[in-house]
Amino acid sequence: MTTDHPAERDGAKHHWFATFSDRASNVTSSPPFYVLCVLLVLGTIVLHLAHPPLSWLIFAGDLMTSVNLLLLALLKNTERRDAHAVQRKLDAIAAALLEQREGASHEAADELRRAIRMEERT
């Protein structure tokens with residue numbers, strides 16, 4: 001376990017968990033996944049109305065909670081990497097504007113070029 005920001009853990013290497021969380025984010029933001037979630041909620045309601053044994057209800061609740069926690073971890077990872085990429089771009093733009101105004105070297109322009117589309121590389 002690490003406390004490093006997800007975007008800074010592997011440098012330029014694309015980590016398997018980052019790829020997996022990106023794909024999970026794409027799937028969970030799709031209409032079919034929303035329909036699946038509605039069906040799960042309706043299934044839970046039907047299960048409660050059927051008055052099954054208490055152990056079934058507890059199992060259904062535990063299953064929904066587990067799925068929720070896994071999705072939260074995946075989506076939070078994607079969100080943090082995207083936010084980090086946006087912040088790097090804003091920093092590079094600000095530095096380039098400052099450099100342009102002060103007539104300094106071209107380091108900020110080079111950083112801006114590296115920051116463009118960096119969320120696809122992390």
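For clarity, every value in this text was computed on a predicted model and none was experimentally measured.

## Structural notes on the overall build of the protein chain
Alright, step 1. Scanning the protein chain from N- to C-terminus turns up four helices and zero strands.
Alright, step 2. Overall, the protein chain shows an N-to-C arrangement of helices and strands of α-α-α-α.
Alright, step 3. Of all 122 residues assigned to the protein chain, the portion counted as buried reaches 19%.
Alright, step 4. For the protein chain, the computed accessible surface area is about 9,200 Å², with 66% contributed by carbon and sulfur atoms.

## Brief notes about the side chain of Ser21
Alright, step 1. Inspection of the secondary structure puts Ser21 in helix H1 (residues 16-28).
Alright, step 2. Residues in contact with Ser21, not counting those within four places in the same chain, are Leu74, Asn77, Thr78 and Arg81.

## A closer look at helix H3 (residues 54-102)
Alright, step 1. The terminal C-alpha atoms of H3 lie 71 Å apart, and with 49 residues this matches the ideal 72 Å at 1.5 Å per residue to within 8%.
Alright, step 2. For H3, the complete set of buried residues consists of Ala60, Leu74, Asn77, Thr78, Arg81, His84, Ala85, Ala92, Ala96 and Glu99.
Alright, step 3. At the C-terminal side of H3, Gly103 shows a positive phi close to 70°.

## Some remarks on the packing of helix H2 (residues 31-49) against H3
To describe two helices that pack against each other, one gives the angle between their axes and the distance between the axes.
Alright, step 1. Where H2 meets H3, the axes come as close as 10 Å, and the angle between the chain directions of the two elements is 160°. What the angle tells us is that H2 and H3 run roughly antiparallel. Seen along the crossing, H2 lies across H3 with a hand that is left-handed. Of the residues in H3, those in contact with Phe33, Leu40, Val41, Thr44, Leu47 and His48 of H2 are Trp56, Leu57, Ala60, Met64 and Leu71.

## What about unusual backbone geometry?
Alright, step 1. The phi dihedral of His51 falls on the positive side, at around 50°, and the residue is not glycine.
Alright, step 2. Position of His51 relative to the elements: it lies in the loop between H2 and H3.

## So, the pattern of salt bridges
Alright, step 1. Applying the stated criterion to the full structure yields two salt bridges.
Alright, step 2. Residue Arg81 pairs with Asp22 through a salt bridge whose shortest N-O separation is 2.8 Å. In this pair, Arg81 sits in helix H3 while Asp22 sits in helix H1, placing the two residues 59 residues apart along the sequence.
Alright, step 3. Residue Arg81 is classed as buried on the basis of its relative accessible area, which comes to 1%.
Alright, step 4. In this structure, Glu79 engages Lys76 in a salt bridge whose closest nitrogen and oxygen atoms are separated by 3.4 Å. Linking Glu79 with Lys76, this pair stays in helix H3, spanning three residues, or about one helical turn.

Definitions and cut-offs
- Residues numbered from 1 in each chain as written.
- Predicted model: local features only at pLDDT ≥ 70, side-chain atom pairs only at ≥ 80, totals over all residues.
- Heavy atoms only, no water.
- Helix = DSSP H or I, 4+ residues; strand = E, 2+ residues; numbered from the N terminus.
- Buried < 20%, exposed > 50% of the residue type's maximum accessible area, 1.4 Å probe, protein only.
- Areas by Shrake-Rupley, 256 points an atom, 1.4 Å probe, with all protein chains shown as cover.
- Contact = heavy atoms within 4.5 Å.
- Expected span 1.5 Å × (residues − 1).
- Axes fitted to C-alpha atoms, helices over the stretch in contact; angles between N-to-C directions.
- Parallel < 35°, antiparallel > 145°, perpendicular 65-115°, else oblique.
- Left-handed = near helix turned anticlockwise from the far one by under 90°.
- Salt bridge = Lys/Arg side-chain N within 4 Å of Asp/Glu carboxyl O.

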